[in-house]
Amino acid sequence: MTTLRLRPESPADEAPVARVLAAAFARPDVATPPEVGLVEELRHSPAWIPELAMVAEYGGEVVAYALLTRVGVRTERGTWPALALGPVAVARHRQRMGHGTAAVQAALDAATELGERLVVVLGDPAYYRRFGFGPADRLGLTSPWSGLGEPWQALVLPPSASGEPPPPAGEVIFPPPWSRV
């Protein structure tokens, strides 16, 4: 029986991850979806946290991907660390089988273990609600995507061993690669 294996991305996964992303975000107007380039740029940026680039492998094939990278929440008292979820992608032939959900949950669990406290995402509220995401504006978080309403979401992760509070309200600052998506 084949089982789903969840693990952090390795260098050997870069091409399979690119294929999953390209298929999941394919559009007729571009040869390569911007999400493929986004992940490549993030890999080579200070926002990259290797333990939080999660792949789901089924039968030796990378079938899903969920990425958490560093962002900051700018406040009057400074910038606080947070994470952005995305892109999330599932191979077309493995969609609606729980692989994407498993990859996202594995990434969120790994972030919690690392003591992270806040994750933001821009996506379908009906999908991300299952992980506990809710409207980011309720936490006083703004971003270039705030105007999109419900898709701009946030999740406060369980407290770390240090009992650190989540970052305060403020403007979420994304690293430069995000400005090209």
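In this text the structure is predicted, and so the values were computed from the model without any measurement. (Residues numbered from 1 in each chain as written. Predicted model: local features only at pLDDT ≥ 70, side-chain atom pairs only at ≥ 80, totals over all residues. Heavy atoms only, no water.)

1. Digging into helix H2 (residues 34-43)
The criterion, for reference: Burial status follows relative accessibility: with a 1.4 Å probe on protein chains alone, a residue under 20% of its type maximum counts as buried, one over 50% as exposed, and anything between as partly exposed. What counts as a helix is a DSSP run of H or I of at least four residues, what counts as a strand is a run of E of at least two, and both are numbered from the N terminus. Throughout, the arc means that of the directions going from the helix axis to the C-beta atoms. For this analysis, residues touch if any pair of their heavy atoms sits within 4.5 Å.
Looking only at H2, the buried set comprises Glu35, Val36, Leu38, Val39, Leu42 and Arg43. Along the axis of H2, the buried positions cluster into a sector of 160 degrees, meaning they face one direction only. Next to the buried residues of H2 lie helix H1 (14-24), strand E3 (61-75) and strand E4 (78-90).

2. Observations concerning the nonpolar core
Put simply, the rule reads: Nonpolar cores were defined as sets of buried Ala, Val, Leu, Ile, Met, Phe, Trp, Tyr and Cys residues, with membership established by side-chain atoms within 4.5 Å.
Of all hydrophobic cores here, the largest spans 56 residues; its most connected members are Tyr65, Leu68, Leu85, Leu108, Val120, Phe133 and Leu141. The greatest single-element share of this core, amounting to 9 residues, is contributed by E3. In this structure phenylalanine 133 touches Leu85, Leu108, Val119, Val120, Val121, Tyr128, Gln153, Ala154 and Leu155, once residues within four positions along its chain are discounted.

3. Details of the packing of aromatic side chains
How we decide: Geometry of aromatic contacts follows a simple scheme: Phe, Tyr and Trp rings, the Trp one being its six-membered ring, pair when their centres are within 6.5 Å, and the pair is stacked under 30 degrees between planes, edge-to-face over 60, tilted otherwise.
The full count for this structure, using the stated rule, is 8 aromatic pairs. Seen from their ring centres, tryptophan 145 and phenylalanine 174 are 4.7 Å apart, and the 85 degrees between their planes marks the pair as edge-to-face. One end of the pair, tryptophan 145, is in the loop between strand E7 (141-142) and strand E8 (152-156); the other, phenylalanine 174, is in the segment after strand E9 (170-173), with 29 residues separating them in the sequence. The buried category is assigned to phenylalanine 174, whose relative accessible area is 17%. Ring centres of tryptophan 152 and phenylalanine 174 lie 6.3 Å apart, and the angle between their planes is 55 degrees; this geometry places the pair in the tilted category. One end of the pair, tryptophan 152, is in strand E8; the other, phenylalanine 174, is in the segment after E9, with 22 residues separating them in the sequence. Comparing tryptophan 152 with phenylalanine 174, the two get one shared label, buried. Taken together, Tyr127, Tyr128, Phe131 and Phe133 form an aromatic cluster joined through their ring pairs.

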